[in-house]
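# Secondary and tertiary structure notes
Listed below are the residues making up each chain.
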Amino acid sequence: MNYLPLRIIICISILTVSNILVGQEIDFGKMSVSEVENYEKSQNTTVVDTLPAFGILKNPHFDLETLVQTKTLIYKRNDDDFELKLHVWYHFNDDWTELKGKRYHWGLYNPSFNSKGNEEWLRKLTKKEKVFRAKYLFLEEKLKSVLGEPIKKKTIADNENAFIENIFWEDDVKIVGLALCFDRKLQEFPGIGLFPKFKIEVMITYK
């Protein structure tokens, strides 16, 4: 039996039945600030934050050091049904004239999260790996249908503590990354407390 295709079919079925695809269409095109504002209004969103300085990787598929500084608008998609609701980050250059990147982020840090008081919920999240993997695999197939086969796929961790994987596509104008980071066990750091890592992310970086 070919396990991977069967797993993908099962995951897609789960996603379709549970209707958690609402509000997660991926748009690969560039937009101006005014176009972003108008588009997000049409998507039933809430403005979450504006970040005056946020670095994104210039070449995320092979360079984890070189950053491009951006100003960032963050919107919450209210119609998204995933437990970690979709937030869309728009990364602009310093004078807001050029979109440098777009981030579709299902995670805790949008842009911040305090684990205190949420310990029980976080422990419940550690039991939902199948749901996270189903969504991740669905997005992988969806991106393949638009972008073709990826140029790189790397499993960074697959152990008792965590599963972390990245996939990348590239063309003449953009780099698209898909990432899953899932804590199978919560880690606690002295002086900090719990620092949970749960996210699914599609990052579009414009060249």
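This report concerns the structure included in the present document. Model, not experiment: these values are computed from the prediction. (Residues numbered from 1 in each chain as written. Predicted model: local features only at pLDDT ≥ 70, side-chain atom pairs only at ≥ 80, totals over all residues. Heavy atoms only, no water.)

Right, let's get into unusual backbone geometry. Note the cis peptide between N110 and P111, where omega equals 0°. Looking at the element boundaries, P111 is found in the loop between strand 4 (99-107) and helix 3 (119-125). Of note, N44 is a non-glycine position whose phi angle comes to about 55°, a positive value. Turning to its location among the elements, N44 is positioned in the loop between helix 2 (33-42) and strand 1 (45-57). One non-glycine residue, W96, lies in the positive phi region at around 65°. Checked against the element boundaries, W96 lands in the loop between strand 3 (87-92) and strand 4. Judged by relative accessible area, which is 28%, W96 ranks as partly exposed. (Helix = DSSP H or I, 4+ residues; strand = E, 2+ residues; numbered from the N terminus. Buried < 20%, exposed > 50% of the residue type's maximum accessible area, 1.4 Å probe, protein only.)

Below, the discussion takes up helix 4 (residues 129-147). Each turn of an α-helix holds 3.6 residues, which means side chains three or four residues apart point in the same direction. An ideal rise of 1.5 Å per residue puts 27 Å on 19 residues; helix 4 measures up with 26 Å between its terminal C-alpha atoms. Listed as buried for helix 4 are E129, F132, R133, A134, K135, Y136, L137, F138, L139, E140 and L143. (Expected span 1.5 Å × (residues − 1).)

Another aspect to go through is the sheet that holds strand 3. Across the sheet, which stays open at both edges, the eight strands sit in the order 1-2-3-4-10-7-6-5 with antiparallel pairing between neighbours. What marks the edges here is a single partner per strand, and that holds for strand 1 and strand 5 (152-158). Averaged over all adjacent pairs, the angle separating strand axes in this sheet is 15°, with direction ignored. Note that strand 1 and strand 2 (residues 67-77) share ten bridges and pair antiparallel. Counterpart to L57 in the pairing with strand 2 is L67. (Pairing = 2+ DSSP bridges. Axes fitted to C-alpha atoms, helices over the stretch in contact; angles between N-to-C directions.)

Turning to the layout of surface pockets, a few remarks are in order. It is a probe the size of a water molecule, rolled over the atoms, that shows where empty space is left. In this structure, the largest pocket spans a volume of roughly 720 Å³. Considering the residues around the largest pocket, the lining is formed by 33 residues, among which L57, R103, A179, K199 and E201 are closest to the centre. Grouping the amino acids of the lining of the largest pocket by side-chain chemistry returns 22 nonpolar, six polar and five charged. (1 Å grid on protein atoms, 1.4 Å probe; cavity = no way out; pocket = protein on both sides within 12 Å on 5 of 7 lines; lining within 4 Å. Points joined across faces, edges and corners; volume = space filled by probe spheres on them. Nonpolar A, V, L, I, M, F, W, Y, C, P; charged D, E, K, R; others polar.)

The subject of this paragraph is the pairing of strand 7 (residues 174-183). Strand 7 sits mainly inside the fold: ten of its ten residues count as buried. With burial as the criterion, each face of strand 7 is covered, one bearing K174, V176, L178, L180 and F182 and the other bearing I175, G177, A179, C181 and D183. Direction of pairing for strand 6 (residues 162-170) relative to strand 7: antiparallel, over a ladder of nine bridges. Across the sheet, residue E170 finds its bridge partner in strand 7, namely I175.

Turning to the packing of aromatic side chains, a few remarks are in order. Evaluated as defined, the whole model comprises eleven aromatic pairs. With a centroid separation of 6.4 Å and 75° between ring planes, the pair formed by F189 and F195 is classed as edge-to-face. A relative accessible area of 39% means that F195 is categorised as partly exposed. A network of ring pairs unites the aromatic residues Y109, F113, W121, F189 and F195 as a single cluster. Note that R103 overlies the ring of W89, its terminal NZ or CZ placed 5.4 Å from the centroid. (Phe/Tyr/Trp six-rings, centres within 6.5 Å; stacked < 30°, edge-to-face > 60°. Lys NZ or Arg CZ within 6 Å of the ring centre and 35° of its normal.)

For helix 2, the full list of buried residues reads V33, V36 and E40. One side of helix 2 holds all its buried residues, which, seen down the axis, span an arc of 55°. Projecting away from the buried face of helix 2 at angles above 90 degrees are the exposed residues N38, K41 and S42. Positioned one or two residues after helix 2, N44 has a phi angle of 55°, which is positive. (Arc of directions from axis to C-beta.)

A cluster of nonpolar residues, F189, I192 and F195, forms a patch on the protein surface that exposes about 290 Å² of accessible area. Of note, F189 is situated in strand 8 (residues 188-189). (Patch = residues over 30% accessible without salt bridge, like charges linked within 9 Å, V, L, I, M, F, W, Y side chains within 5 Å. Areas by Shrake-Rupley, 256 points an atom, 1.4 Å probe, with all protein chains shown as cover. Salt bridge = Lys/Arg side-chain N within 4 Å of Asp/Glu carboxyl O.)

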